[in-house]
Amino acid sequence: MTGAADAAEQRARSLRVVVTGGAGFLGSHLCEALVARGDRVVCVDDLSTGRRENLQSLEGSPSFEFLEADVSRGLPVEGPVDAVLHFASAASPPAYLARPLETLAVGSDGTRHCLELAARHGARFIMASTSEVYGDPDEHPQSEEYWGRVNPVGPRSVYDEAKRFSEALTMAWARSRGADVGIARIFNTYGPRLQPGDGRVVSNFVAQALAGRPLTVYGDGSQTRSFCFVSDQVRGQLRLLDSGLTGPFNIGNPGEVTMLEMAELVLELTGTTSPIEFRPLPADDPRRRCPDITKANRELGWAPEVGLREGLQATILAALRSGAEGS
Ligand code: UDP
């Protein structure tokens, strides 16, 4: 059967999907999208960086269950399982630098527990990997063929190497045990529900601008990133889930900006006059990052649709609303 026919057959029935890290920023949007299309979701999260508030719209839904558990210790999910999506991990640099051992554990023991659960049920496994596997890249833009340039003993290695190990483990299960797996390399993703000031650049700049505080640009602000709006990211993940393909696939938006341009755009869209303050560049901060998405486009039929300006407007609006609700 072709991948497309497989996907069509799968969609004919509702799936029961385990989402680890489902209370996080990206995980919670993914849980919502799965329930919205008719699947059932078991969200597993230890709430170390995720938040129950992120799941408000799903509480009480008969298609949604929440299980508080640390996936690096085990994945005690009962009942049928059609897919396991491993999105658990601290994702913001300050969050994973504050939890170095936990971050390595969730990418090693956690990934193994997910693969074991998926294997017991003959379920598909999706690994939420990252553009960080490319490290500080000397190829630009980064295609999936590029092997990366990661400092294995630098502070960021707790995240980067955990994800690289997760990819290695996922491929080993596919090759040696015939596991049905897919790997997504997620590039910087933003949108409503980013925790204000969580250390990631969009969360920081939006929170700072709305509070009238200075925007903290690290280094000289010439380093680049390419930002993907969360709805595009989630659509890419669902395409990968349904495709039956392994990848790895870059899922990101190739629109590349410097951090100084990002700061100026946030100032313009919030209409605030906060100054820009320069701070030291963190160790091993990648100089530039931009996905080559040719493969995802060709094999998954996926491309991002939301531009940076539009996406940031939605993010700022959501931050204003949640601020107003919180006050
Ligand atoms: N950054 C910044 N100011 C901040 C937070 C981050 O200039 O307040 C920079 C950071 O040094 C990096 C880029 O923005 O070059 C993206 O950082 P983020 O932590 O969002 O994600 P990363 O891609 O580094 O994992």
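What comes next concerns the included structure. (Residues numbered from 1 in each chain as written. Predicted model: local features only at pLDDT ≥ 70, side-chain atom pairs only at ≥ 80, totals over all residues. Heavy atoms only, no water.)

## Looking at the overall build of the chain
A count of helices and strands for the chain gives 10 helices and 13 strands. What you see for the chain is a C-alpha radius of gyration of 19 Å, in line with the 20 Å of a compact globule of 327 residues. Along the first, second and third principal axes, the C-alpha set of the chain runs to 55 × 45 × 35 Å. Across the 327 residues of the chain, 52% fall into the buried class. Sequence-distant contacts in the chain: of pairs separated by 6 or more residues, those separated by 24 or more amount to 80%. Only carbon and sulfur atoms are counted for the fraction: they give 52% of the accessible area of the chain, which is about 14,000 Å². Distance between charge centroids for the chain: 2 Å, based on 33 positive and 42 negative side chains. (Helix = DSSP H or I, 4+ residues; strand = E, 2+ residues; numbered from the N terminus. Rg over C-alpha atoms; globule rule 2.2 N^0.38 Å. Buried < 20%, exposed > 50% of the residue type's maximum accessible area, 1.4 Å probe, protein only. Contact = heavy atoms within 4.5 Å. Areas by Shrake-Rupley, 256 points an atom, 1.4 Å probe, with all protein chains shown as cover. Lys, Arg positive; Asp, Glu negative; His and termini not counted. Charge placed at Lys NZ, Arg CZ, Asp CG, Glu CD.)

## Focus on the environment of S89
When you line up the elements, S89 lands in the loop between β4 (83–86) and α3 (93–98). As for S89 and P304, which are separated by 215 residues in sequence, their C-alpha atoms are 24 Å apart.

## Focus: the pattern of salt bridges
Under the counting rule described, the total for this entry stands at 24 salt bridges. Across the pair R112 and E116 runs a salt bridge, and its minimum N-O distance is 3.3 Å. Residue R112 and its partner E116 are located together in helix α4 (residues 100–121), separated by four residues, close to a single helical turn. Given a relative accessible area of 27%, E116 falls into the partly exposed group. The residue R289 makes a salt bridge to E132 at a minimum N-O spacing of 2.7 Å. Taken together, the residues R289 in the loop between β13 (276–279) and α9 (294–300) and E132 in the loop between β5 (124–130) and α5 (157–177) connect sequence positions 157 residues apart. Classification of E132 as buried rests on a relative accessible area of 5%. Salt bridges linked by common partners bring E132, R156, R225, D285 and R289 together as one network. (Salt bridge = Lys/Arg side-chain N within 4 Å of Asp/Glu carboxyl O.)

## Focus: the site of the ligand
The full set close to the ligand counts 18 residues, and V201, T216, R225, D285 and R289 are the nearest of them. Here an oxygen atom of the ligand sits 2.8 Å away from a polar atom, N or O, in the main chain of V201. A distance of 2.7 Å separates an oxygen atom of the ligand from a polar atom in the side chain of R289. Burial of the ligand by the protein amounts to 95% of the accessible area it has alone, namely 510 Å². Where the shell around the ligand is concerned, the elements lending two or more residues are α6 (201–210) and β8 (215–218). Classifying every residue of the shell around the ligand gives seven nonpolar, five polar and six charged. (Near = heavy atom within 4 Å. Polar contact = N/O pair within 3.5 Å; in protein donor to acceptor, adjacent residues only side chain to side chain. Nonpolar A, V, L, I, M, F, W, Y, C, P; charged D, E, K, R; others polar.)

Taken by themselves, the reported measurements are silent on function.
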